[in-house]
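# Structure at a glance
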Number of protein chains: 2
Amino acid sequence: MGKYCMGVDVGGTTVKIGLFDTEGNLQDNWEIVTRKDEGGSYILSDIAASLLEKWNTMGIQKEDIIGIGIGIPGPIKEDGTVLKCANLGWGVFNVADEVRNLTGIDNVKVGNDANVAALGEMWKGGGKGYQDIVMITLGTGVGGGVIIGGKILTGSKGAAGEIGHITVNYQEEDTCGCGKRGCLEQFASATGIVKEAKRLLITSEKPSMLREVQYLSAKAIFDCAKEGDELANVLVEQLGYYLGMAASHIAAVVDPDAFVIGGGVSRAGEILTTVVKKYYEQNTMFALKNKEFLLAKLENDAGIFGCAKMVLE
Amino acid sequence: MGKYCMGVDVGGTTVKIGLFDTEGNLQDNWEIVTRKDEGGSYILSDIAASLLEKWNTMGIQKEDIIGIGIGIPGPIKEDGTVLKCANLGWGVFNVADEVRNLTGIDNVKVGNDANVAALGEMWKGGGKGYQDIVMITLGTGVGGGVIIGGKILTGSKGAAGEIGHITVNYQEEDTCGCGKRGCLEQFASATGIVKEAKRLLITSEKPSMLREVQYLSAKAIFDCAKEGDELANVLVEQLGYYLGMAASHIAAVVDPDAFVIGGGVSRAGEILTTVVKKYYEQNTMFALKNKEFLLAKLENDAGIFGCAKMVLE
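So, here's what we can say about the structure. All figures in this text were calculated on a predicted structure; none of them were measured in a lab. (Residues numbered from 1 in each chain as written. Chains lettered and ligands numbered in written order. Predicted model: local features only at pLDDT ≥ 70, side-chain atom pairs only at ≥ 80, totals over all residues. Heavy atoms only, no water.)

### Overview of the overall build of chain A
Tallying secondary structure elements over chain A gives 10 helices and 12 strands in all. The C-alpha atoms of chain A give 21 Å as radius of gyration, which agrees with the globular expectation for 313 residues (20 Å, within 12%). Along the first, second and third principal axes, the C-alpha atoms of chain A reach 65 × 45 × 35 Å. Counting all 313 residues of chain A, 58% fall into the buried class. As presented, chain A carries roughly 12800 Å² of accessible surface, and 47% of it is formed by carbon and sulfur atoms. (Helix = DSSP H or I, 4+ residues; strand = E, 2+ residues; numbered from the N terminus. Rg over C-alpha atoms; globule rule 2.2 N^0.38 Å. Buried < 20%, exposed > 50% of the residue type's maximum accessible area, 1.4 Å probe, protein only. Areas by Shrake-Rupley, 256 points an atom, 1.4 Å probe, with all protein chains shown as cover.)

### A closer look at the interface of chain A and chain B
Contacts between the two partners involve 42 residues from chain A, matched on the other side by 41 residues from chain B. Buried area between chain A and chain B, summed over both chains or domains, comes out near 3000 Å², and the portion from carbon and sulfur atoms is 63%. When the buried area of chain A at its contact with chain B is split by residue, Tyr-170, Val-253 and Met-285 of chain A rank highest and sum to 23% of it. Where chain A touches chain B, the interface holds two salt bridges. If you look at where chain A meets chain B, you find 23 residue pairs in polar contact (both at pLDDT 80 or more). Contributions of two or more residues to the side of chain A that touches chain B are made by strand 9 (142–148) and helix 8 (230–254) of chain A. Take the side of chain A that touches chain B: its biggest share by element is eight residues, from helix 8 of chain A. (Contact = heavy atoms within 4.5 Å. Buried area = accessible area lost by both parts, 1.4 Å probe. Salt bridge = Lys/Arg side-chain N within 4 Å of Asp/Glu carboxyl O. Polar contact = N/O pair within 3.5 Å; in protein donor to acceptor, adjacent residues only side chain to side chain.)

### Concerning the side chain of His-249 of chain A
Note that His-249 of chain A resides in helix 8. By relative accessible area, which is 0% here, His-249 of chain A ends up buried.

### Quick look at the sheet that holds strand 4 (residues 65–72) of chain B
Residue and element names in this part refer to chain B. Overall, mixed pairing links the five strands, which are arranged 3-2-1-4-7 in an open sheet. The sheet is open, and its two borders are formed by strand 3 (26–33) and strand 7 (108–112), each paired with just one other strand. On average, each strand axis in the sheet is tilted by 15° relative to the strand beside it, whichever way the strands run. The pairing of strand 4 with strand 7 spans five bridges and is classified as parallel. When the sheet's bridge partners are listed, Ile-70 is paired in strand 7 with Val-110. (Pairing = 2+ DSSP bridges. Axes fitted to C-alpha atoms, helices over the stretch in contact; angles between N-to-C directions.)

### As for the packing of aromatic side chains
Aromatic ring pairs are defined here through the distance separating the ring centres and the angle between the ring planes. Residues and elements named next belong to chain B. Following the criterion strictly, the structure yields 21 aromatic pairs over all chains and no others. Ring geometry for Trp-123 and Phe-305: centres 6.4 Å apart, planes at 65°, overall edge-to-face. Separated by 182 residues along the polypeptide, Trp-123 in helix 4 (residues 113–124) and Phe-305 in helix 10 (residues 302–312) bring together distant segments of the chain. Of the two residues examined, Trp-123 and Phe-305, each falls in the buried class. (Phe/Tyr/Trp six-rings, centres within 6.5 Å; stacked < 30°, edge-to-face > 60°.)

### Thoughts on the relation of the copies chain A and chain B
Placing chain A over chain B gives an RMSD of 0.0 Å and needs a rotation angle of 180°, together with 0.0 Å of translation along the axis. Look at the turn and shift together and you get a two-fold axis relating the two. The residues that chain A uses at the interface reappear at the interface of chain B in 98% of cases, marking a shared surface. (Least-squares fit on C-alpha atoms with pLDDT ≥ 70 in both.)

### Some remarks on the packing of helix 2 (residues 43–58) of chain B against helix 3 (residues 95–103) of chain B
Residues and elements named next belong to chain B. Their axes nearest at 10 Å, the elements helix 2 and helix 3 cross at an angle of 40°. Judged by the inter-axis angle, helix 2 sits oblique to helix 3. Two packed elements cross with a definite hand, and for helix 2 against helix 3 that hand is right-handed. Of helix 3, the residues touching helix 2 (which contributes Leu-44, Ser-45, Ala-48, Leu-51 and Leu-52) are Val-95, Glu-98, Val-99, Leu-102 and Thr-103. A breakdown of the residues in the contact of helix 2 with helix 3 according to their chemical character gives seven nonpolar, two polar and one charged. (Parallel < 35°, antiparallel > 145°, perpendicular 65-115°, else oblique. Left-handed = near helix turned anticlockwise from the far one by under 90°. Nonpolar A, V, L, I, M, F, W, Y, C, P; charged D, E, K, R; others polar.)

### Details of the pattern of salt bridges
All names here are of chain A. Per the stated rule, a full pass over the model turns up 30 salt bridges over all chains. Of the charged contacts, one joins Arg-35 and Asp-46 as a salt bridge, the two residues approaching to 2.9 Å between their closest N and O atoms. Taken together, the positions of Arg-35 in the loop between strand 3 (26–33) and helix 1 (37–40) and Asp-46 in helix 2 (residues 43–58) put the pair 11 residues apart, joining distant regions of the chain. Residue Arg-35 is classed as partly exposed on the basis of its relative accessible area of 34%. For Asp-46, a relative accessible area of 18% puts it in the buried group. Linked by salt bridges that have partners in common, Glu-172, Asp-174, Lys-195, Glu-196 and Arg-199 make up one network.

Now the structure itself:
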């Protein structure tokens, strides 16, 4: 029986790596640069070299390693096959097999980065204590991950949990980055929130502290809302409506115990979970009412925690 | 190793029972009345008596029975606990334990009726060959079932797959049976389709064969659409839009291989799957495009097949 497991969260700029004991305590963590040259062909060998060096330095034998979990910013099938990953320059190949060959460790699991972050939050973060959660990450875009029975729901083509592209406004005429219109991401991402604020400030003639803000941001909108600004509160209610409606669609499909909201926008705190829950409860059928809306806790470490959890199952 | 498994689909009026071999071939099937007197307290003992009598008649020993799968018209947790079932008069209790006691068979699995029907269609019906499907049943109401990795997705409170109550029209003012507004069921159930037709026939002044139909029904609308009637085609397109939009929400959460459409309305045939697929593809992001839209095949037997499949896993 091994003593450690590794979590490796591959991002477009850096790779975050964590060394965990079997209880999920983070013993050590570090980062390496994501070398994207030549179709990203160095990325996995850089990771393997960094792992082997760390084990060597710490006097850890390979038989002490239970496994390696890896998060990738793209769609991944259950067997570890990446289906093209534009962020890393990768085509289609089996990441798990490659890492097995490079490290000599058999137990290698690979998942989509948003999904492993959701698993991490379930295990050690905002969703701790639950087995069925949906994570909604509000950052530059809107991502998501569905955890059922304590495991990642991958989907047939690795695209489960793409909840940023649920249509929440059937009348919207602007086009989303994905090519369709009215996606949750157009309203609930950091950029979407600011765009909606600019729209409202143009169409409304009411006074607002937001008109004086030098850099309009999701944070500025929440700060003004907390101080009682009327237009900022209109924007927070609208955000709550769109997120609550999307959560009601999600619940009708997978009926989770809880929603965990993360990403930069979630730093707004309980004002966000409270308003989302309000609109969720208004727009969901009786059998699906009374879900928990929780804040994520692990921030950028959610990925390495989720990666470690994948190999401990 | 046993030779047979039993599928028991409990409905509000009759209980359908099937005797299957381990390959899933239906060897015998029959029905008994659902006795709902005294809080439905006779239902499970009636079922047990009917099973024991059949085994006796056919000379089947208990050790020949691999297990009993049971479908119930209400929310069921993974452990077999029913969470109130108004259709049968039941409160909260463990159906699996009760059936184990009554029959002496240990392997008893219990599922929601819509979910087991979805499992049956995956195994031997319209979804054969796939492991990840979502079934949409268009009957008096709109039901659904989510099958992931060949297994029923139950949800934390047994309410996964309640897709009839996904909001597809954010402006609708009429209230659904579930208490909220704009649910898929209000537009895509047999009754919802007729209601929408009546709305259109009042608001439009165009001529239509539908104005001459004695009993307006989903079937009449599809029949007239196939004959080129303009208003009937407007209604079919609208139905396709609502179902396609709901399917796009569902896909963004669980990314299935295929959608299987069943229930009485699906007798319309490929005109239905074609129009739903059209609107699905228009309203889904690139990573989720190109799903199959298939017709269910097992009709009222889907439940007993799914029940049998539950115990063969």
